[in-house]
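In case you want the letters, here they are:
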Amino acid sequence: MSTETTQPGRIVASGTDQADAAFGGKHHLPSWIGYLLFWACVSYTVFHLMVLNVYPIETWAFRIIHVAGGLVLGYALLVASASPARIKPVRSNLEYLPMVVAGIPALYALGAIGYAFLLRHGMGVMNPPPWLFKTFSQALLVSVILAIVASWVARKRRRALDWYYLALILGSISVCGYLLFNLNAIQFRAGVMPTQPDYLTALAGVLLILELTRRVAGMALVVIAGVFIAYSFTGPYLPGFLQHSGYKFDRFFTYIYTDNGILGPTTAVSSTYIVLFITFAAFLQASKVGDYFVNFAFALAGRARGGPAKVAVFASGLMGMINGTSAGNVVATGSLTIPLMKRVGYRRRSAAAIEAAASSGGQIMPPIMGAGAFIMAEITGIPYTDLIVAALIPAVLYFASVYFMVDFEAKRVGLQGLPAHELPVVSQLLKKAYLFLPVVILIVALFMGYSVIRAGTTALVSAIVVSWLTNHRLGPRGTVNALEAAAKMSIQLIAVCACAGIIVGVIGLTGVGLRFSSLLLGLAEASQLLAMFFAMVIAILLGMGMPTTAAYAVAAAVVAPGLIQMGITPLVAHFFVFYYAVMSAITPPVALAAYAGAAVAGSDPMRTSVAAFKIGLAAFIVPFMFFYSPSLLMVGEWTVVGRTMVTALIGVYLLAAAVQGYYFGIIAKPLRLVLLVGAVAMISGAFVTDMVGMTIAVALFVWQRKIAAGAKGDPAPQS
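Residues numbered from 1 in each chain as written. Predicted model: local features only at pLDDT ≥ 70, side-chain atom pairs only at ≥ 80, totals over all residues. Heavy atoms only, no water.

Details of the overall build of the chain
- When helices and strands are tallied, the chain shows 33 helices and two strands.
- Within the chain, the fraction of its 719 residues that count as buried is 57%.
- Pairs at least 24 residues apart make up 76% of the contacts formed inside the chain by residues separated by at least 6 positions.
- Summing over all exposed atoms, the chain offers an accessible surface of approximately 28,600 Å²; the carbon and sulfur share of this is 67%. (Helix = DSSP H or I, 4+ residues; strand = E, 2+ residues; numbered from the N terminus. Buried < 20%, exposed > 50% of the residue type's maximum accessible area, 1.4 Å probe, protein only. Contact = heavy atoms within 4.5 Å. Areas by Shrake-Rupley, 256 points an atom, 1.4 Å probe, with all protein chains shown as cover.)

So, in structure tokens, the structure goes:
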């Protein structure tokens, strides 16, 4: 994505498509394979929309197809994204030997499952001979292992034919076919009385998920999943509260590939809400409504001090709540806002940090919250509309804090905004305010009592209708292009949700979550604040290097039960965990969103992550705010809610001033510490501490005015 000014008063985002960027660029395939992949992506998205709205199918079957389709498309897109410059010609026939060794078992496995379906549906033989599935599962596992190992060995020596990806595609189809063929039996015997084919097929499926996650989301989540898998078998040898009796391989892997693990809550969310709202985001992008959001933000804030930074706060928050990934949103909107921030005087590091903090904040912004609210609703059983109402004030506090941070830095450094002639005209944009209708319709439909799926589908259709009022109307071609982009944008989240399901399954199987709960209860007896701090650290550590959706799913399974046992309400406990899981994206040393911003800005990644942490500091304090003052989650009397919100806003204002060293003028370091004390006092929510905070704020205001007066008239020396 690159910045482009097409004419005065209109700033748009253009260039590399976000979906293509997720897989390394444009496709380099023969035309017929490219068309096949294009229509496979379109069909995958249409399948989900049809099942969700028109023709529902059995839950397990839907999730199995959802995961398998994601694996097939993921591996196919990895082949398609290969750069021609990196592909070397095949120089020797011996290079085909590994392909033959792994390819023949892969083809046999696919043929065996096809033959089983033929026997059942073509010849009326309900159960094929036992040897068929026995040899099928052995061939499947051999081909998957050989293909994965070959992909590691060949990662720096790409050849004209990435045969190992083809073997992994065939393996994904075979796993899906076996699970669907034996669905009723597996629902009964998995994890209890598994057969050898059940075990080997489930093991192959887990390996396929881990490998795709490694390729599209990095090693962090795979390593964590590997640690949890190892924990399932090493429990008898571990000390203290980590010890358990251990599990056999066949029972473990068949248990994991059920609705207790991979097919459980995380995949339930990815197969419904995530795919639906990523499709919604794809239609907004295709119809250029997303560009309108960015232009509107530029029109409102572009001329202000440090205008592009304030635009980043608004635009990145708005787009981040829809597209569901902090790092992805940094790359998408940051490629527009970061160069403009640098242009008006922000340092590279500051520009990248502001974008990272704003994009991460999009994950906590209702009504969509980057799909996190959907997982929370699935886990807690709390109605979705209640969750987005509860999330409103904390989100306002966070974005207000980031805005204050940006404004104070602009004041301190003396930055200006963009010239008026380079910005969109507000009056012209207001004439197109109807482009906000898809988001407005989504919110109204939710509060009218529509289900999330129905409301999301209605908003999606409205995005198509609204596009007909613009120069970018979505006809048949534009619609199928958006459907294809939705599938490609979904792959990463589908992979990480399936991988997170492995971790959630291990936590449920071994009971380690309950052991952590006991540990938190023990700490709470000494100090509840210490227990909350420990929960915060665990949630951040579990989320480091992971997409926010998976980070919350894992942290919710490990930490939230312990908080609830401490007597904290499920709403507060899960929001507490959710905030820190999201903010792990800007927490050093592994801060994915900050690293993505550093790559765009050309700054040092570690220093950028530290700067992003400072800018997003309010998000690390807000959870303690609603822990001590649940009224910030809209719980209690409106008068109490209003008072707490006002004092909390003053608190985050003081916090931003203390961090940036600007409070009605440059403020000395000792006074910054005093201001920080006042900010924390205001944040706690109690009447006495609020008065302490207000006293400090007023006293320092008077002091700063006195300093300013002294600087003008010089009646007294400055302190």
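Looking at the pattern of salt bridges
- Summed over all chains, the structure comprises five salt bridges.
- Arg 189 is the salt-bridge partner of Asp 198, the closest N and O atoms lying 2.5 Å from each other. Summarising the burial analysis for this pair, Asp 198 and Arg 189 share the class buried.
- In this structure, Glu 211 and Arg 214 form a salt bridge, with 2.7 Å as the shortest nitrogen-oxygen distance. (Salt bridge = Lys/Arg side-chain N within 4 Å of Asp/Glu carboxyl O.)

As for helix H23 (residues 512-526)
- For H23, built from 15 residues, the straight-helix expectation of 21 Å at 1.5 Å per residue is met to within 8% by its first-to-last C-alpha distance of 22 Å.
- Of all the positions in H23, only Val 512, Gly 513, Phe 516, Ser 517 and Leu 520 are classed as buried. Looking straight down H23, one finds its buried side chains confined to an arc of 150 degrees; they lie on one side. Structural note: H23 exposes Leu 514, Glu 525 and Ala 526 on the side pointing more than 90 degrees away from its buried face.
- Here the buried face of H23 lies against helix H9 (219-234), helix H22 (476-510), helix H24 (528-543), helix H25 (548-558) and helix H26 (560-565). (Expected span 1.5 Å × (residues − 1). Arc of directions from axis to C-beta.)

Some words on the environment of Ala 61
- Mapped onto the fold, Ala 61 is located in helix H3 (residues 59-80).
- On the basis of relative accessible area, Ala 61 is assigned to the buried category, the value being 11%.
- Remark: the alpha-carbon pair of Ala 61 and Leu 179, spanning 118 residues in sequence, is separated by 8.3 Å.
- Residues contacting Ala 61, with those up to four places away along its chain left out, are Leu 180 and Leu 183.

Describing the packing of aromatic side chains
- By the definition in use, this model includes 34 aromatic pairs.
- Residues Tyr 580 and Phe 620 carry aromatic rings whose centres are separated by 6.3 Å and whose planes lie at 40 degrees to one another, so their mutual orientation is tilted. Highlighted residues: Tyr 580 in helix H27 (residues 570-583) and Phe 620 in helix H30 (residues 618-628), separated in sequence by 40 residues.
- Take Tyr 580: its relative accessible area is 0%, and that puts it in the buried class. (Phe/Tyr/Trp six-rings, centres within 6.5 Å; stacked < 30°, edge-to-face > 60°.)

Here we look at the packing of H24 against H30
- Where H24 contacts H30, the two axes come as close as 12 Å, and the packing angle between them is 140 degrees. When the interaxial angle is binned, H24 and H30 end up oblique. Note on packing geometry: the crossing formed by H24 with H30 is right-handed. Two secondary-structure elements touch here, H24 through Gln 528, Leu 529, Met 532, Phe 533, Met 536 and Ile 540 and H30 through Phe 620, Phe 624, Phe 627 and Tyr 628.
- Taken together, the residues of the contact of H24 with H30 sort by class into nine nonpolar, one polar and no charged. (Axes fitted to C-alpha atoms, helices over the stretch in contact; angles between N-to-C directions. Parallel < 35°, antiparallel > 145°, perpendicular 65-115°, else oblique. Left-handed = near helix turned anticlockwise from the far one by under 90°. Nonpolar A, V, L, I, M, F, W, Y, C, P; charged D, E, K, R; others polar.)

Notes on the confidence of the model for the chain
- Predicted confidence across the chain gives a mean pLDDT of 81, with 87% of residues reaching 70 or more.
- No element of the chain has a lower mean pLDDT than strand S1 (residues 2-7), which averages 40, and none a higher one than helix H8 (residues 196-217), which averages 93.
- Of the regions scoring below 50 in pLDDT, residues 714-719 engages in seven contacts with residues more than four places distant in sequence or in other chains. (pLDDT = per-residue confidence, 0-100.)

Notes on a nonpolar patch on the surface
- Taken together, the side chains of Leu 437, Val 440, Val 444, Met 448 and Tyr 450 define a hydrophobic patch exposed on the protein surface, amounting to about 450 Å² of accessible area.
- Mapped onto the fold, Val 444 is located in helix H20 (residues 437-447). (Patch = residues over 30% accessible without salt bridge, like charges linked within 9 Å, V, L, I, M, F, W, Y side chains within 5 Å.)

Quick look at the environment of Ile 538
- Relative to the helices and strands, Ile 538 resides in helix H24.
- For Ile 538, a relative accessible area of 15% corresponds to the buried category.
- When the C-alpha positions of Ile 538 and Val 559 are compared, they lie 7.4 Å apart, and in sequence the two are 21 residues distant.
- Not counting chain neighbours up to four residues away, the residues in contact with Ile 538 comprise Phe 516, Val 558 and Val 559.

Details of the side chain of Ser 462
- Topologically, Ser 462 is positioned in helix H21 (residues 452-467).
- Beyond its immediate sequence surroundings of up to four residues, Ser 462 is in contact with Pro 438 and Ile 441.

Some remarks on unusual backbone geometry
- One non-glycine residue with positive phi stands out, namely Met 634, at about 65 degrees.
- By secondary structure assignment, the location of Met 634 is in the loop between H30 and helix H31 (638-660).
- Take Met 634: its relative accessible area is 24%, and that puts it in the partly exposed class.
- A positive phi is found at Phe 664, a non-glycine position, where the angle reads about 55 degrees.

Let's talk about the side chain of Asp 690
- Checked against the element boundaries, Asp 690 lands in helix H33 (residues 687-713).
- Overall, the relative accessible area of 4% leaves Asp 690 in the buried class.
- Looking at Asp 690, its side chain comes within polar contact range of the side chain of Arg 643, at 3.1 Å. (Polar contact = N/O pair within 3.5 Å; in protein donor to acceptor, adjacent residues only side chain to side chain.)

A look at H8
- Across its 22 residues, H8 extends 31 Å between first and last C-alpha, which sits within 8% of the 32 Å expected from 1.5 Å per residue.
- Judged by how many residues are buried, H8 sits mostly within the fold: 18 of 22 residues are covered.
- Downstream of H8 by a residue or two, Gly 218 has a phi angle that is positive, lying close to 90 degrees.

A short note on the packing of H3 against H22
- At a minimum axis distance of 9 Å, the contact between H3 and H22 shows a crossing angle of 110 degrees. The angle between the axes of H3 and H22 places the two elements in the roughly perpendicular class. Handedness of the crossing formed by H3 with H22: left-handed. Each of His 66, Gly 70, Leu 73, Gly 74 and Leu 77 in H3 lies in contact with H22, whose residues at this interface are Ala 487, Lys 488, Ile 491 and Ile 494.
- In the contact of H3 with H22, the residues fall into five nonpolar, three polar and one charged.

Some thoughts on the nonpolar core
- By size, the foremost hydrophobic cluster in this structure holds 247 residues, and its most contacted members are Tyr 257, Tyr 346, Leu 563 and Phe 575.
- When residues in this core are grouped by element, the largest group, 21 residues, is from H22.
- Core analysis: the second largest hydrophobic core is formed by eight residues, Ala 297, Val 311, Ala 315 and Leu 423 among them. (Core = buried A, V, L, I, M, F, W, Y, C linked by side-chain atoms within 4.5 Å.)

Some remarks on the environment of Thr 45
- One can find Thr 45 in helix H2 (residues 31-53).
- Distance in space between the C-alpha atoms of Thr 45 and Glu 484 is 7.3 Å, their sequence separation being 439 residues.
- Only 3.5 Å separates the side chain of Thr 45 from the backbone nitrogen of Ala 487, close enough to count as a polar contact.

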